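# Descriptive analysis of the structure
Spelled out, the chains give:
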Amino acid sequence: QVDLVESGGGLVQPGGSLRLSCTVSGGSLVIATMGWYRQAPGKQRELVADVTSGTRARNTNYADSVKGRFTISRDNYKRSVYLQMDMLKPEDTAVYYCKVIRSTGDTYWGQGTQVTVSS
């Protein structure tokens, strides 16, 4: 059984920072893409950022709304992906979900972690 364990959410003031972590446990996965999505109340789930695999080069992709403020990274040895979120805004408030895609195309989701940006 494959599980994605997320951590790092919480309450932060506007302009503050948080770092989300997601670690894959179980299974012997060859992971292609790791990423973060978010869903605010009443809105659809949207891509925040993702990063492909690769030892020499990795492609990262960011939503326009977070470019220059968020940074995604991954550690293949630890089977983990991270999201450093700086200069947080109230509109970043959402449940953040980790998503992992195997090289076979199978997709796995984490349980979600709440991020609230408020003064």
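What comes next is a walk through the structure. None of these values were measured; they are calculated from a predicted model.

Now for the overall build of the chain. Within the chain one finds zero helices and eleven strands. Shown N-terminal to C-terminal, the secondary structure of the chain runs as helices and strands in the order β-β-β-β-β-β-β-β-β-β-β. Against the compact-globule benchmark of 14 Å for 119 residues, the chain has a radius of gyration of 14 Å, which places it among compact chains. Structurally, the chain occupies a C-alpha span of about 45 × 30 × 25 Å along its principal axes.

Below, the discussion takes up the pairing of strand β3 (residues 18-25). Relative to β3, strand β1 (residues 3-7) runs antiparallel, the two sharing five bridges. From the neighbouring strand, Asp3 faces β3, where its bridge partner is Ser25.

Our focus in this paragraph is the environment of Leu4. Its place among the elements puts Leu4 in strand β1. The class of Leu4 is buried, set by a relative accessible area of 8%. For Leu4 and Thr23, which are 19 residues apart along the polypeptide, the C-alpha to C-alpha distance reads 5.6 Å. Contacts of Leu4, omitting those with residues within four sequence positions, involve Cys22, Thr23, Val24, Cys98, Lys99, Val100, Tyr108, Trp109, Gly110 and Gln111.

Time to look at the nonpolar core. Residues Trp36, Leu83, Met85 and Tyr96 are the most contacted members of the largest nonpolar core, which totals 30 residues. For this core, the secondary structure elements donating two or more residues are β3, β4 (31-39), β5 (46-52), β7 (70-75), β8 (80-85), β9 (94-102) and β11 (113-117).

Cut-offs applied
- Residues numbered from 1 in each chain as written.
- Predicted model: local features only at pLDDT ≥ 70, side-chain atom pairs only at ≥ 80, totals over all residues.
- Heavy atoms only, no water.
- Helix = DSSP H or I, 4+ residues; strand = E, 2+ residues; numbered from the N terminus.
- Rg over C-alpha atoms; globule rule 2.2 N^0.38 Å.
- Pairing = 2+ DSSP bridges.
- Buried < 20%, exposed > 50% of the residue type's maximum accessible area, 1.4 Å probe, protein only.
- Contact = heavy atoms within 4.5 Å.
- Core = buried A, V, L, I, M, F, W, Y, C linked by side-chain atoms within 4.5 Å.

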